[in-house]
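# Observations on the model geometry
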Amino acid sequence: MKEIIDSIPTEYRWLIVAGFLPADVLDENGTKCGKDVVTLGRNASHAMLCRPYKVNGPKCGGMWVAVAKFELAVLPGLVPVRTNRIMVVGEINKFTMCSRHFKAALFLLLASKRVVFGSLPAAQHGEDAPEVELIKQRADTMLIHVTRSNAESVKVNVRNVLGRMVRFDMLRLNIHDPGFTHAWVVEE
């Protein structure tokens, strides 16, 4: 996700109004030991999402989820504002789904018809989480599958898709309607 956002030319970065991206936390040996979120927009911040040691929150898959810290950082950026810019939902995963407030805010954002760009996990054991399945089945959603072999071409495709979506939203012309307002990268 970060690479795709970073590949957007600087002169178009103003199109991203709010949202968040995931950030791996590394220990002194360079080994992953948790996840944080980095918020985007005017009031950018950095917040803990999960750690392998006890934090104030539920345990999920061997990690403790700092739900309150995550919500404090992320929820203000998910409010559907009247804008023609892109809302970024950097990652939906088992840790972010521990927050019922995040789930509610996410589905309100999707219902608002704002342009949303985000990342969904690949199916685990052949099945998606129920919330992920709901997002994938939406008629206003485009799924972009990324693998190691197509990652570079996906960056170009995503830039083009986001450009079409924002252009439609700014001009409100049906002729430019790409048929969707949400694009999700599914990392395989």
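Preceding this paragraph is the structure being described.
What comes next concerns the included structure. (Residues numbered from 1 in each chain as written. Predicted model: local features only at pLDDT ≥ 70, side-chain atom pairs only at ≥ 80, totals over all residues. Heavy atoms only, no water.)

## A short note on the overall build of the protein chain
Within the protein chain one finds five helices and nine strands. For the protein chain, the N- to C-terminal ordering of α and β elements is α-β-β-β-β-β-α-β-α-β-α-β-α-β. Across the 188 residues in the protein chain, those meeting the buried criterion constitute 45%. Pairs at least 24 residues apart make up 59% of the contacts formed inside the protein chain by residues separated by at least 6 positions. (Helix = DSSP H or I, 4+ residues; strand = E, 2+ residues; numbered from the N terminus. Buried < 20%, exposed > 50% of the residue type's maximum accessible area, 1.4 Å probe, protein only. Contact = heavy atoms within 4.5 Å.)

## Observations concerning the packing of helix H3 (residues 100-111) against helix H4 (residues 130-137)
Where H3 contacts H4, the two axes come as close as 12 Å, and the packing angle between them is 5°. As far as their axial angle goes, H4 and H3 are roughly parallel. The segment H3 lies against H4, with Lys103, Leu106, Phe107 and Leu110 engaging Glu131, Leu134 and Ile135. (Axes fitted to C-alpha atoms, helices over the stretch in contact; angles between N-to-C directions. Parallel < 35°, antiparallel > 145°, perpendicular 65-115°, else oblique.)

## A short note on the packing of aromatic side chains
Evaluation of the coordinates by the stated rule reveals three aromatic pairs. Relative to Phe70, the ring of Phe20 lies with its centre 5.9 Å away and its plane at 90°, an arrangement referred to as edge-to-face. Here the residue Phe20 occupies a position in strand E1 (residues 16-26), and Phe70 occupies one in helix H2 (residues 67-74), the gap between them amounting to 50 residues. Exposure remark for Phe70: the relative accessible area of 1% places this residue in the buried category. Each residue in the set Phe20, Phe70 and Phe102 is aromatic and connected to the rest through ring pairs, giving one cluster. (Phe/Tyr/Trp six-rings, centres within 6.5 Å; stacked < 30°, edge-to-face > 60°.)

## Description of the side chain of Ser99
By the secondary structure assignment, Ser99 is in the loop between strand E6 (86-89) and H3. A distance of 2.9 Å separates a polar side-chain atom of Ser99 from the backbone nitrogen of Phe102. Setting aside chain neighbours within four positions, we find Ser99 in contact with Val67, Phe70 and Glu71. (Polar contact = N/O pair within 3.5 Å; in protein donor to acceptor, adjacent residues only side chain to side chain.)

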